[in-house]
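Residue-level structure breakdown
Here is what each chain is made of, one letter per residue.
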Amino acid sequence: MRLEKLGQGDIKHLNALAKRWREAKEQIHTEQSAGSLVSMHLLGQNNAPLCLTFPDLSGESFQGFWETRDCSTKVASIMHGSEGAMLFINANRVRAARTLIGVASLSRQAGMPLPEGEGIKWAPTFAPTQVQLVDLLQHLSVPPLKLKSRRLAIVLSAWDKAEGELLKPNAYFSAHLPLLQQYLDSNIHGWDWIVYGISAQGGLYLNEKHTNRYTKDELQQIENLRGLDDPSTRIRVVSEKQVSNDLTEPLVWLMR
């Protein structure tokens, strides 16, 4: 797909995001109150025109599905009847399940043994990532949020942080999110799914509030990213079959 022109949306906001990306600076977190729609007019295969509309929503908008069993009318209207979904999972921030034995062992090693007879109050936010995601997908399989199509493109973002394990996206997904994989493999809700590893940054970005935390080598890495003649070459889209820098690959698969 190729960009023809921008449609609705805050053009200044988009340009600011693009500028920070080119300068290898960390993006500013989307506020929970935000929720504007951004549309792009693209040209697909054989120059066929199409329009994509993206909701600019914060991650907290979807956390409410699990933590409070609630969904805003704005999010519901966007999700209802959608033709499939793209599920982003930060490969560097997967919250693994913890056992009581494991927590106790870590506490002893740190010299802070757990007090006997005292429990820890559970909160929904403590749940492992994959548990929350299975629940989210179950919500998207039944009314009122039921998707028209069960096509699901799973994007393991921050893939440059995961590549050190020398695993392809499917193997990484299976190793770190086995419950989620088993849910999708069981096909109880008819999901047709694929996994991509995507690094939109291609390396280390600068957090301007903590510049003193970077080593000399890390700062040089950031400068090297900024110095690329073609910034789009930073992008890595990894599937089981190929590696490219085409961010539209998952979208093309979803719209097949």
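First, a word on scope: everything that follows refers to the structure included in this document. From a predicted model like this one, the values you see are computed outputs, not experimental measurements. (Residues numbered from 1 in each chain as written. Predicted model: local features only at pLDDT ≥ 70, side-chain atom pairs only at ≥ 80, totals over all residues. Heavy atoms only, no water.)

Things to note about the nonpolar core
Counting 29 residues, the largest nonpolar core has Ile89, Phe173, Leu180 and Leu184 as its most contacted members. For this core, the secondary structure elements donating two or more residues are α3 (73-79), β4 (83-90), α5 (129-139), β5 (149-157), α6 (169-176) and α7 (178-186). At four residues, α5 tops the list of elements feeding residues into this core. In this view, isoleucine 89 contacts Val94, Leu133, Ile154, Val155, Leu156, Ser157, Phe173, Leu177 and Leu180; residues no more than four positions away in its chain are not counted. Of all hydrophobic cores here, the second largest spans eight residues; its members include Ala153, Tyr196, Val237 and Trp253. (Core = buried A, V, L, I, M, F, W, Y, C linked by side-chain atoms within 4.5 Å. Buried < 20%, exposed > 50% of the residue type's maximum accessible area, 1.4 Å probe, protein only. Helix = DSSP H or I, 4+ residues; strand = E, 2+ residues; numbered from the N terminus. Contact = heavy atoms within 4.5 Å.)

Observations regarding the packing of aromatic side chains
Counted under the stated rule, the structure contains two aromatic pairs. Ring centres 5.4 Å apart and planes at 75 degrees place the aromatic pair tryptophan 159 and tyrosine 172 in the edge-to-face group. Note that tryptophan 159 is positioned in the loop between β5 and α6 and tyrosine 172 in helix α6, a separation of 13 residues in sequence. The exposure class of tryptophan 159 is buried, given its relative accessible area of 2%. On the accessibility criterion, tyrosine 172 (4% relative accessible area) is buried. Ring centres of phenylalanine 173 and tryptophan 193 lie 5.6 Å apart, and the angle between their planes is 50 degrees; on these two criteria the pair is classed as tilted. In this pair, phenylalanine 173 sits in helix α6 while tryptophan 193 sits in strand β6 (residues 192-199), placing the two residues 20 residues apart along the sequence. (Phe/Tyr/Trp six-rings, centres within 6.5 Å; stacked < 30°, edge-to-face > 60°.)

Topic: the pairing of β6
Sheet topology note: the β5/β6 ladder contains seven bridges and is parallel. Residue pairing in the sheet places serine 157 in a bridge with isoleucine 198 of β6. (Pairing = 2+ DSSP bridges.)

Focus on a nonpolar patch on the surface
On the surface, a nonpolar cluster with roughly 240 Å² of combined accessible area is contributed by Leu3, Leu6 and Ile11. Residue classification places leucine 6 among the partly exposed positions, given a relative accessible area of 31%. (Patch = residues over 30% accessible without salt bridge, like charges linked within 9 Å, V, L, I, M, F, W, Y side chains within 5 Å. Areas by Shrake-Rupley, 256 points an atom, 1.4 Å probe, with all protein chains shown as cover. Salt bridge = Lys/Arg side-chain N within 4 Å of Asp/Glu carboxyl O.)

Structural notes on unusual backbone geometry
Residue proline 144 is bonded to the preceding proline 143 through a cis peptide linkage, with omega at 5 degrees. Positioned with a positive phi, alanine 24 is a non-glycine residue whose angle comes to about 55 degrees. For alanine 24, the position within the fold is in the loop between α1 (11-22) and β2 (37-43). One non-glycine residue with positive phi stands out, namely asparagine 46, at about 60 degrees. Along the polypeptide, asparagine 46 turns up in the loop between β2 and β3 (49-55).

A few points about the side chain of arginine 150
Here arginine 150 lies in strand β5. By relative accessible area, arginine 150 is classed as buried at 18%. A polar contact is formed between the side chain of arginine 150 and the backbone oxygen of serine 141, at a distance of 3.0 Å. When near neighbours in sequence (up to four residues on either side) are disregarded, arginine 150 contacts Ser141, His189, Gly190, Trp191 and Asp192. (Polar contact = N/O pair within 3.5 Å; in protein donor to acceptor, adjacent residues only side chain to side chain.)

Structural notes on the pattern of salt bridges
For the structure on display, the rule yields eight salt bridges. Its salt-bridge partner being glutamate 208, residue arginine 20 comes within 2.6 Å of it at the nearest N-O pair. Here arginine 20 is found in helix α1, whereas its partner glutamate 208 is found in the loop between β6 and α8 (216-226), with 188 residues between them in sequence. You can call glutamate 208 partly exposed: its relative accessible area is 40%. Arginine 236 is the partner of glutamate 163 in a salt bridge, and the nearest nitrogen-oxygen pair spans 2.5 Å. Here arginine 236 lies in strand β7 (residues 236-238) and glutamate 163 lies in the loop between β5 and α6, a separation of 73 residues in the sequence. According to the relative accessible area criterion, glutamate 163 is partly exposed, its value standing at 26%. What you see here is one network of salt bridges that share partners, running through Lys19, Arg20, Glu23, Lys25 and Glu208.

Things to note about the sheet that holds β7
Strand order in this open sheet of five strands is β4-β5-β6-β7-β8, and the pairing throughout is mixed. Each edge of the open sheet carries a strand with a single partner, namely β4 and β8 (243-244). Across the sheet, α6 lies against β4, β5, β6 and β7, angled at about 100 degrees from β6, the strand it touches most. (Axes fitted to C-alpha atoms, helices over the stretch in contact; angles between N-to-C directions.)

Digging into α7
Among all positions of α7, only Leu180, Gln181, Tyr183 and Leu184 are buried. The arc that holds every buried residue of α7, seen down its axis, measures 160 degrees, which confines them to one face. Those residues of α7 that are buried lie in contact with β4, α5, β5, α6 and β6. A positive backbone phi angle near 60 degrees is found at asparagine 187, which sits one or two residues after α7. (Arc of directions from axis to C-beta.)

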